[in-house]
Amino acid sequence: MRKPPSHDLQAPQQLPVTLAPCTDELLSSWVARHAVFYGVPALTMLRHCLPETPSLRATDLNLNDNQILRLAHILCVDEATIRRTTFTEIVRSSRCLIATDAIQSCSTCYPAKTEPKAILRSQLLGWRITCALCGNLLQSPTGPNCASTFGHYSATALIGERLLHDEASRKARTWVSPARIAQLLLMRRVKNPTFGNYEPWRYRVLGALIPDLDDVVDRQSLPMSSCPILPLYLRPALLAGIAMVERSGPEMLEMLCGQMRGENKVRFSSAINEIMRATSRSTASSQLQLI
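What comes next is a walk through the structure. Please read all numbers here as calculations on a predicted model, not as lab measurements.

## Some remarks on empty space enclosed by the protein
Under the criterion given, the structure shown has one cavity of 30 Å³ or more. Size it by volume and the largest cavity reaches roughly 40 Å³. Together, Ser105, Cys106, Cys109, Tyr110, Leu120, Ser122, Gln123, Cys131 and Leu138 line the largest cavity. Residues of the lining of the largest cavity, tallied by class, amount to six nonpolar, three polar and no charged.

Right, dumping it as C-alpha cells:
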C-alpha cells in the first residue's frame, strides 16, 4: 500500500500561515515574502521547504516534479500554481535571456502595494518590451524606455518579441532559434571604412541591419553575445533585427557574415553551418512524417 504523501516526500508540514502569490509572481519572491512574515532569511525559508536547494535562483530555474510536489504541499497550493511561478518550463535555448534581477516593470500590473514588493516573472524576461499581462510597454527603472529611441521599429520589434516568446514558452520556432539569432546579432563586426576614432566594441552585427544603433550605444549597454539582454531603450532594435533575419532566411545570415573579420567571422560562419545542418535535419524529419 502506498504511504501517505507526507511520508513519501519527507517534507515539512504545511505552513500554518501562507501568503497568496501575486499574479505572475516569481517563486523566489514568493518565498522571500514568506521569510519576511516569519522573520527568517529567505534562504532559510527556502531550505525549510527544499533542504537540498543551493539558492533562490536555482529554484526559479530548475525544479523537478518531486520538488514541485513538496513545495505545493508546504505552501498549500496545487502543482500548477508552483509551475507558474518558475522558469522551469522555459526551453534551454532561451535561458540566456532571463535576467538575474528585475530589469523592468509595468506601471499597470506591478503590485507596488505589497510589502516587501513582489517580483514578477515578466520583470526578468529579457526578450519582452511589452507586459505579458496587459500588453502595455514596459518601463525601465533607470534610463530611457523602449519607445524613446527605436519607436519606428516598434511593429517589427513586436514580431521579434513574439518569435522569442513562442520559442521560450511553447518550443515553437521556424527555421532557426530566435534566441540563437539574438546571440549572433550581438557579435562584433568591422565597420568600413574605419576612422581615427574607431571603437571596435561599438560595432555589432546588429548595426548592419539597424544603422541607428551604432550612434546610441555605450559600453555598459552592450552585453556579451552569450547573454543577449539589452536595456529596454535598445531592445526594440534587437527584436526587430531578429524578425528581419527570420523573415529573410539563411541568405541574410550569409550576407551578415561579410561584415565580420578574423576569428569572429570564423565563429559566425561555423554558427551558420550548424544552423543550416539543424534546419536540414528538421526539414528531412518533417518530410518523413508526410510519407
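## Describing helix H12 (residues 250-257)
Burial in H12 covers these residues: Met252, Leu253, Leu256 and Cys257. For H12, the buried positions fall inside an angular range of 145 degrees around the axis, keeping them on one side.

## With respect to the nonpolar core
Within soluble globular proteins, side chains that are nonpolar tend to cluster in buried spots. Within the largest apolar cluster, 59 residues are counted, with the highest numbers of intra-cluster contacts made by Leu185, Ile210, Val245 and Phe268. At the level of elements, helix H8 (154-170), helix H9 (178-185), helix H10 (206-209), helix H11 (235-248), H12 and helix H13 (262-290) are the ones that each hand at least two residues to this core. Beyond its immediate sequence surroundings of up to four residues, Ile210 is in contact with Phe150, Tyr153, Ala237, Ala240, Gly241 and Met244. Core analysis: the second largest hydrophobic core is formed by 16 residues, Cys49, Leu71, Ala72 and Ile82 among them.

## Considering the environment of Pro223
Here Pro223 lies in the loop between H10 and H11. In sequence terms Pro223 and Leu186 are 37 residues apart; their C-alpha atoms lie 7.9 Å from each other.

## What to know about the layout of surface pockets
Volume-wise, the largest pocket comes out at about 460 Å³. Around the largest pocket, the lining is made up of 24 residues, and of these Asp24, Arg83, Arg84, Thr86 and Arg121 lie nearest the centre. Elements with a minimum of two residues in the lining of the largest pocket: helix H6 (79-84) and H8. Among the elements that take part in the lining of the largest pocket, H6 stands out by supplying four residues, more than any other.

## What about the side chain of Gln183?
Within the secondary structure, Gln183 sits in helix H9. Residue Gln183 is classed as buried on the basis of its relative accessible area of 17%. Sequence-distant contacts of Gln183, that is, excluding residues within four places in its chain, are made with Cys96, Ser225, Ser226 and Pro228.

## Things to note about H9
For H9, the tally of buried residues reaches seven of eight residues, placing the bulk of the element in the interior. Listed in full, the buried residues belonging to H9 are Pro178, Ala179, Ile181, Ala182, Gln183, Leu184 and Leu185.

## As for the packing of aromatic side chains
Following the criterion strictly, the structure yields two aromatic pairs and no others. Ring centres of Phe37 and Tyr38 lie 5.1 Å apart, and the angle between their planes is 80 degrees; this geometry places the pair in the edge-to-face category. With relative accessibility at 47%, the residue Phe37 sits in the partly exposed group. Note on Phe150 and Tyr153: the rings are 6.2 Å apart at their centroids and 45 degrees apart in plane angle, and the pair reads as tilted.

Calculation rules
Residues numbered from 1 in each chain as written. Predicted model: local features only at pLDDT ≥ 70, side-chain atom pairs only at ≥ 80, totals over all residues. Heavy atoms only, no water. 1 Å grid on protein atoms, 1.4 Å probe; cavity = no way out; pocket = protein on both sides within 12 Å on 5 of 7 lines; lining within 4 Å. Points joined across faces, edges and corners; volume = space filled by probe spheres on them. Nonpolar A, V, L, I, M, F, W, Y, C, P; charged D, E, K, R; others polar. Buried < 20%, exposed > 50% of the residue type's maximum accessible area, 1.4 Å probe, protein only. Helix = DSSP H or I, 4+ residues; strand = E, 2+ residues; numbered from the N terminus. Arc of directions from axis to C-beta. Core = buried A, V, L, I, M, F, W, Y, C linked by side-chain atoms within 4.5 Å. Contact = heavy atoms within 4.5 Å. Phe/Tyr/Trp six-rings, centres within 6.5 Å; stacked < 30°, edge-to-face > 60°.

Read these as layout, nothing more, since geometry by itself doesn't imply function.
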